[in-house]
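Coordinate analysis (summary)
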Amino acid sequence: MVETILDIRGLSKTYSGRGSAPPVTALDNVDLQIRKGEIFALLGPNGAGKTTLIGAVCGMVRPTGGTVMAFGHDMARDWRRMRARIGLVPQELSIDMFDKVHRAVAYSRGLFGKPADPARIEEVLRTLSLWDKRDAQLRALSGGMKRRVLIAKALAHDPDLLFLDEPTAGVDVELRRDMWQTIGRLREQGVTVILTTHYIEEAEEMADRVGVINKGRILLVDDKAAIMKRLGRTEASFALASPLGSLPAALFGYPVALEDGGRSLVFRGGDGSGLGKELVAEIAKLLVTQGIDFTGIDQHESSLEDIFVRLVEDEGGQQGASGGLAA
Ligand SMILES: Nc1ncnc2c1ncn2[C@@H]1O[C@H](COP(=O)(O)OP(=O)(O)O)[C@@H](O)[C@H]1O
Ligand SMILES: [Mg+2]
């Protein structure tokens, strides 16, 4: 049976506008259930409400409405005890650069009232490949190591649930891969991870399940593979050797259309399961048997990014128009 570690119901947050600014609805009636042991990616553009959601769970943001149950307890009633079981790596780097690695991480453990446990701190530092750097000052570390120190600090009190708010925002590709490996190792150790990101590839790479959020509303939550299967699509364009005036009868019933003045035959269909590729191969054979010559096939599978753009377009949002995620 799947155990729910975090159960969010009807969570809303409206920030009252400063001065004459209108109020902002950052979370709009959010329902979300997180399963024990999973990596869940909350994917959405900047301003979608991701950080507010984390803040509302961890107690930095006072919700306007709704409930948060963590580990079967109401966070509003049992906040201190439940918060001690949650680790948070905030979006903004907030560390004392003159502090030393080991001390900074050990100190974080104490913040939650846990007794000192040098063996556990060593284990955390080793997991994050920081043990050799335990006596280094934070300012002497590379960017990637600084980020790992933040994770170590968040893990120092042995949380069962870890939030990573945009763990790789603004870092280079190599560092991002390094972070993904680190997160993968945490999962192996049984930590449930909720990460927020505006990078599609991050959700695609890391997550077991993905939730798409925009303008404070959850648009979709599903297994990553199911999202791909449900919304994935193959697009293939056959470049025809000579233009066609009309669709050959043999192709009736296939999701194909003539484009570019009859010079391209375009297929859009299938799902994320490989069906699209099979259909494209079938159409290629049909074209050959019909004596319709083509000079090339340009084929691609829709990515989570395409899917996201489509979802947001359906919402009538503006993000789809620009096609991008990052602000
Ligand atoms: N303290 C605040 N006061 C007023 N508005 C805020 C505050 N924090 C966030 N917002 C607004 O709430 C919305 C969601 O912000 P945020 O949760 O930070 O989104 P994300 O983390 O997805 O980028 C945005 O419109 C943002 O401007
Ligand atoms: Mg944020």
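Before reading on, note that the structure itself is shown above.
Residues numbered from 1 in each chain as written. Chains lettered and ligands numbered in written order. Predicted model: local features only at pLDDT ≥ 70, side-chain atom pairs only at ≥ 80, totals over all residues. Heavy atoms only, no water.

**Points about the site of ligand 1**
Heads up, the rule is: By convention in these notes, a residue is near a molecule or strand provided one of its non-hydrogen atoms lies within 4 Å of it. In protein, a polar contact requires one atom able to donate a hydrogen and another able to accept it; more generally it is a pair of N or O atoms within 3.5 Å, and residues adjacent in sequence count only if both atoms are side-chain atoms. In these tables, accessible area is a Shrake-Rupley quantity obtained with a 1.4 Å probe, and a residue counts as shielded only by the protein chains included in the view.
In the vicinity of ligand 1, the contacting residues are Y15, R18, V24, A26, P45, N46, G47, A48, G49, K50, T51 and T52. A distance of 3.1 Å is found between an oxygen atom of ligand 1 and a backbone nitrogen or oxygen belonging to A48. Between ligand 1 and G49, the relevant distance is 3.0 Å, taken from an oxygen atom to a main-chain nitrogen or oxygen of the residue. Summarising the interface, the protein chains cover 65% of the accessible area of ligand 1, which totals 560 Å² for the free molecule.

**Considering the pattern of salt bridges**
Selection criterion: Salt bridge criterion: a side-chain nitrogen from Lys or Arg within 4 Å of a carboxyl oxygen from Asp or Glu. Secondary structure is summarised from DSSP: a helix means a run of H or I of at least four residues, a strand means a run of E of at least two, and numbering begins at the N terminus for each. Throughout, exposure labels follow a simple rule: accessible area from a 1.4 Å probe, protein chains only, divided by the maximum for the residue type, with under 20% read as buried, over 50% as exposed, and the rest as partly exposed.
Counting across every chain of the model gives 18 salt bridges. Residue R176 pairs with E201 through a salt bridge whose shortest N-O separation is 3.1 Å. One end of the pair, R176, is in helix 6 (residues 173-188); the other, E201, is in helix 7 (residues 200-206), with 25 residues separating them in the sequence. A residue is classified by how much of its surface remains accessible, and E201, at 40% relative accessible area, is partly exposed. Where E259 meets R268, a salt bridge forms, and the shortest distance between an N and an O atom there is 3.2 Å. Among the charged side chains, a salt-bridge network with shared partners connects R109, R120, E123 and D158.

**Things to note about empty space enclosed by the protein**
This is how it is decided: Cavities and pockets were defined on a 1 Å grid built from protein atoms only: a cavity is a group of points that admits a 1.4 Å probe but offers it no way out, a pocket is an open group of points flanked by protein on both sides within 12 Å along at least five of seven lines, and a lining residue is one with an atom within 4 Å of any such point. Grid points are joined across faces, edges and corners, and a volume is the space filled by probe spheres set on the points. Throughout this entry, Asp, Glu, Lys and Arg are counted as charged residues, while Ala, Val, Leu, Ile, Met, Phe, Trp, Tyr, Cys and Pro are counted as nonpolar. The remaining residues, Gly among them, count as polar.
Taken as a whole and assessed by the stated rule, the structure comprises two cavities of 30 Å³ or more. A volume near 60 Å³ is recorded for the largest cavity. Residue lining of the largest cavity: V89, P90, Q91, L93, R147, L150, I151, L164, D165, E166, P167 and M179, and that is the complete set. Elements with a minimum of two residues in the lining of the largest cavity: helix 5 (143-155) and strand 7 (161-165). Ranked by the residues each element gives to the lining of the largest cavity, the list is headed by helix 5, at three residues. Of the residues assigned to the lining of the largest cavity, the class counts are eight nonpolar, one polar and three charged. Lining the second largest cavity are L6, I8, L32, F40, L42, L53, F163 and I194. Sorting the residues of the lining of the second largest cavity by element identifies strand 1 (4-15) and strand 3 (39-43) as the ones contributing at least two each. Here the residues of the lining of the second largest cavity sort into eight nonpolar, no polar and no charged.

**Describing unusual backbone geometry**
The backbone phi angle of N29 is positive, close to 60 degrees, even though this residue is not glycine. Tracing the backbone shows N29 in strand 2 (residues 24-35). We note that F71 has phi near 55 degrees; this positive angle belongs to a residue other than glycine. The topology assignment puts F71 in the loop between strand 4 (65-70) and strand 5 (73-74). A relative accessible area of 14% means that F71 is categorised as buried.

**Some thoughts on the pairing of strand 11 (residues 234-240)**
Threshold: Here, a strand pair is defined by DSSP locating no fewer than two bridges between the strands.
Because side chains alternate across strand 11, one face comprises the buried residues T234, A236, F238 and L240, and the other comprises E235, S237 and A239, none of which is buried. When strand 11 meets strand 13 (residues 264-269), the two strands line up antiparallel, connected through six bridges. Considered in strand 13, the bridge of A239 is made with S264. Where strand 11 and strand 14 (residues 294-301) come together, seven bridges link them in antiparallel fashion. Residue pairing across strands places S237 opposite D298, the latter belonging to strand 14.

**Some words on the sheet that holds strand 9 (residues 209-214)**
For the record, the criterion: Note on method: axes are straight lines fitted to C-alpha atoms, helices fitted across the in-contact stretch only, with angles between N-to-C directions ranging 0 to 180 degrees.
Sheet architecture is open: six strands sit in the order 6-7-8-3-9-10, paired in mixed fashion. Two strands bound the open sheet, and with one partner strand each, they are strand 6 (86-89) and strand 10 (217-223). Within the sheet, the average angular offset between the axes of one strand and its neighbour, ignoring direction, is 15 degrees. Taken together, the six bridges between strand 9 and strand 10 define a ladder with antiparallel strand orientation. Its bridge partner being in strand 10, I213 is matched across the sheet by I218.

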